[in-house]
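Secondary and tertiary structure notes
Here's the letter readout for the chains.
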Amino acid sequence: MPTPQSTPRDQTPPDPSRSWVHPTDQSHPTISAPSPPPTPTAQPPTQQQQQQQPQPQPHRKPTLADAAATIKPSDFLTFHQAPCARTGLLTGIGAGAAVGVLRWIQGKPIPKAANWAVGAGVLASLGQYEYCQFQRYQERAKVRRVVEVYAAQQARERKERAEQQEEEERRRRREREEEEERRRRRAWWRFW
């Protein structure tokens, strides 16, 4: 017997830990009874109501099981889109194949050569991925530094422009005052 909140078979239930994935489709709104109007006097919650309210969980350290619980099947279809994943995978595949073939050419049995290939592939993938992440971190730091320097340079230029405008205004004011002074000095000896 289906419950009123059951989902169709082709639709998986929303994951509460991923709020951005929750569907917003309201094509099947639920019909609920109208809520009673609020009472003017607030009554303290009863003990039964307090037990129904979710209690805040104390902050605890995440475990490996918590991390594994966040992995969804759709993650396996999109992991290659993560930054640096492509270069890491391609490097790992190439390095693993090269090491496996070299070990086979050296005369090692195929299972041992395959083990070496897988191990070298995993190590090369992890190494390239981490190196790529390190390069991205350095690039972000450089961009952040360039933005800071550019902002400081813009502020310095604005300050210099303001000082130049101030100096220009002082020079104009001084010229006006000198012109006024010259007019006053010239005016005292004219008869007409």
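Read on for a plain summary of the structure. Owing to the predicted nature of the structure, the values given are computational and were not obtained by experimental measurement.

Scanning the chain for helices and strands turns up five helices and zero strands. Element order for the chain, N to C, with α for helix and β for strand: α-α-α-α-α. Pairs at least 24 residues apart make up 55% of the contacts formed inside the chain by residues separated by at least 6 positions. Surface exposure of the chain reaches about 18200 Å², of which carbon and sulfur atoms provide 59%.

Another point: the pattern of salt bridges. As enumerated under the stated definition, the model contains eleven salt bridges in all. The shortest N-O distance in the salt bridge between arginine 171 and glutamate 168 comes to 2.1 Å. Pair noted here: arginine 171 and glutamate 168 are both in helix α5 (residues 110-187), with a separation of three residues, about one helical turn. Its relative accessible area of 33% is what places arginine 171 among the partly exposed residues. Take glutamate 168: its relative accessible area is 28%, and that puts it in the partly exposed class. A salt bridge links arginine 183 to glutamate 179; the nearest nitrogen and oxygen atoms lie 3.9 Å apart. Of this pair, arginine 183 and glutamate 179 both sit in helix α5, four residues apart, which is roughly one turn of the helix.

Thresholds, definitions, all that
Positions within a chain are numbered from 1, following the residues in the order the chain's sequence is written. In keeping with the model being predicted, local features are shown solely for residues with a pLDDT of at least 70 and side-chain atom pairs are shown and tallied solely at 80 or more, while totals for entire chains, interfaces and linings include all residues. To get the side-chain values, all heavy atoms of the structure are used, and hydrogens and water are removed first. For the purposes of this entry, the term helix denotes a DSSP run of H or I that reaches at least four residues, the term strand denotes a run of E that reaches at least two, and both are numbered from the N terminus. Contacts: residue pairs with any heavy atoms within 4.5 Å of one another. To measure how exposed things are, a 1.4 Å probe is used in the Shrake-Rupley method; for residues, cover is taken only from the protein chains shown. One side-chain nitrogen of Lys or Arg within 4 Å of one carboxyl oxygen of Asp or Glu is enough to make a salt bridge. Partly exposed residues are those whose accessible area sits between 20% and 50% of the maximum for their type, while under 20% is buried and over 50% is exposed, using a 1.4 Å probe and protein chains only.

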